[in-house]
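Secondary and tertiary structure notes
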Amino acid sequence: DTAVSQTPKYLVTQMGNDKSIKCEQNLGHDTMYWYKQDSKKFLKIMFSYNNKELIINETVPNRFSPKSPDKAHLNLHINSLELGDSAVYFCATSRGVNGNTIYFGEGSWLTVV
Amino acid sequence: SQKIEQNSEALNIQEGKTATLTCNYTNYSPAYLQWYRQDPGRGPVFLLLIRENEKEKRKERLKVTFDTTLKQSLFHITASQPADSATYLCALVPSGNTPLVFGKGTRLSVIA
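A brief structural summary.

Rules behind the numbers
- Throughout this description, residue numbers start from 1 for each chain and increase along the sequence as written.
- All chains are assigned letters beginning at A, and all ligands numbers beginning at 1, according to the order in which they are written.
- Confidence filtering applies because this is a predicted model: local features only for residues at pLDDT of at least 70, side-chain atom pairs given and counted only at 80 or more, and all residues used for totals across whole chains, interfaces and linings.
- Excluding hydrogens and water, the side-chain figures rest on all heavy atoms present in the structure.
- Helix and strand definitions here come from DSSP, where helices need a minimum of 4 consecutive H or I residues and strands a minimum of 2 consecutive E residues; each element is numbered from the N-terminal end.
- Radius of gyration means the value over C-alpha atoms here, while the globule rule gives 2.2 Å times the residue count to the 0.38 power.
- Only protein chains enter the accessibility calculation, which uses a 1.4 Å probe; a residue whose area is less than 20% of its type maximum is buried, one above 50% is exposed, and one in between is partly exposed.
- We call two residues in contact whenever any of their non-hydrogen atoms come within 4.5 Å of each other.
- Per-residue and other accessible areas follow the Shrake-Rupley method at a 1.4 Å probe size, with only the shown protein chains counted as cover for residues.
- When charges are counted, Lys and Arg contribute as positive and Asp and Glu as negative, whereas His and the chain ends are disregarded.
- Here the site of a charge means atom NZ of a Lys, CZ of an Arg, CG of an Asp or CD of a Glu.
- Paired strands are those between which DSSP finds at least two bridges.
- Fitted lines through C-alpha atoms serve as axes, helices being fitted only where they are in contact, and the angles separating the N-to-C directions of these axes extend from 0 to 180 degrees.
- Two parts placed together each lose some accessible area under a 1.4 Å probe, and adding up what both lose gives the buried area.
- Here, a salt bridge means any Lys or Arg side-chain nitrogen found within 4 Å of an Asp or Glu carboxyl oxygen.
- As used in this structure description, the phrase polar contact means that two N or O atoms lie within 3.5 Å; if the pair is within protein, one of them must be able to donate a hydrogen and the other to accept it, and residues adjacent in sequence are counted only when both atoms belong to side chains.
- When residue character is reported, Ala, Val, Leu, Ile, Met, Phe, Trp, Tyr, Cys and Pro are called nonpolar, Asp, Glu, Lys and Arg charged, and the others, Gly included, polar.

**Re the overall build of chain A**
- A tally of regular secondary structure across chain A gives 0 helices and 11 strands.
- Starting at the N terminus, the α and β elements of chain A follow one another as β-β-β-β-β-β-β-β-β-β-β.
- A compact globule built from 113 residues should have a C-alpha radius of gyration of about 13 Å, and chain A, at 13 Å, falls within 12% of that.
- In terms of overall dimensions, chain A has a C-alpha envelope of 35 × 30 × 25 Å along the principal axes.
- For chain A, the residues scored as buried account for 45% of the 113 residues in total.
- Long-range pairs, those at least 24 residues apart, make up 55% of the contacts in chain A with a sequence separation of at least 6.
- In the structure as shown, chain A presents an accessible area of about 5700 Å², 49% of it carried by carbon and sulfur atoms.
- Taking the average place of the 12 positive charges on the side chains of chain A and the average place of its 11 negative ones, the gap between the two points comes to 3 Å.

This is the structure we're talking about:
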């Protein structure tokens, strides 16, 4: 029973398309995140939600729009995809916002061609 | 500027030896620091957390130290095994209600 599951695992799409990545957690945590890991393996926070409210948006282009329909879900929608968006996107959760242990999903490999 | 640096991108070590990985930080005052393991094609997995008032933390063959004067954490794996081969990431909380910030990681290869 996967604690943090995200779909799809792999996504290849053309520039200019719009795509979504879905994330669900069954840990009962209040806080969910999207992290981006680029080709240099640098893991960087994009967004953080606590109890469905956006609390952190780290200078991400507004083509990226997270949506949290409930505490257990945090989806990421990306409009007008660009080549530079190719990366691995990790959904993650924690009990609270104060730097608690983070539980990551398996990642979604996005390739924009 | 604020930085988290892990000493080397890659580290090769012979099976049975102790692997030591370094994490240095600049212009942060973290209350605690965490270490994660990431295998190829997987998400990072939490290993250990050490608080600023703790000098050392152990878990089985793992040991972490935290020196707030040197602004450094060391991560040791004793009696290393090929199965320990992975990328190890250090992470800290910059301040207050902020999420973890990660270093780039060190890719450890344990050679049989």
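**Structural notes on the sheet that holds strand E3 (residues 19-25) of chain A**
All names here are of chain A.
- Pairing is antiparallel in the open sheet, where 4 strands are placed in the order E1-E3-E8-E7. The open sheet has two edge strands, strand E1 (4-7) and strand E7 (64-70), and neither has a second partner. Between one strand axis and the next, the sheet turns through 20 degrees on average, direction left out of account.
- In this sheet, strand E8 (residues 73-78) lies alongside E7 in antiparallel orientation, the contact comprising 5 bridges.

**Description of the interface of chain A and chain B**
- In this complex, chain A contributes 20 residues to the contact, which on the side of chain B involves 19 residues.
- When chain A packs against chain B, close to 1600 Å² is buried across both sides, 55% of that on carbon and sulfur atoms.
- Viewed at the interface, chain B and chain A are joined by 1 salt bridge.
- Close ionic contact of A:Glu106 with B:Arg42 constitutes a salt bridge, the shortest N to O distance being 2.3 Å.
- Seen at the junction of chain A and chain B, the total is 5 residue pairs in polar contact (both at pLDDT 80 or more).
- Among the elements of the structure, strand E4 (31-37) and strand E5 (43-50) of chain A are those that each provide at least two residues to the side of chain A that touches chain B.
- Per element, the largest residue contribution to the side of chain A that touches chain B is 3 residues, and it comes from E4(A).
- A breakdown of the residues in the side of chain A that touches chain B according to their chemical character gives 11 nonpolar, 6 polar and 3 charged.

**Considering the side chain of A:Ser68**
All names here are of chain A.
- In this fold, Ser 68 is placed in strand E7.
- One polar contact links the side chain of Ser 68 to the main-chain carbonyl oxygen of Asp 70, over a distance of 3.1 Å.
- Of the polar contacts made by the side chain of Ser 68, one reaches the backbone oxygen of His 73; its length is 2.9 Å.
- In contact with Ser 68, other than residues within four places in its own chain, are Tyr 49, Lys 52, His 73 and Leu 74.

**Details of the sheet that holds strand E1 (residues 3-6) of chain B**
All names here are of chain B.
- Spatially, E1-E3-E8-E7-E6 is the arrangement adopted by the 5 strands of the open sheet, whose pairing is antiparallel. Pairing within the sheet leaves two strands with one partner each, and these edge strands are E1 and strand E6 (56-59). Pairs of neighbouring strands in the sheet enclose a mean axial angle of 15 degrees, with direction left out of account.
- In the sheet, E6 pairs with strand E7 (residues 62-67) via 4 bridges, with the strands oriented antiparallel. Counted as the bridge partner of Lys 59 is Leu 62 from E7.

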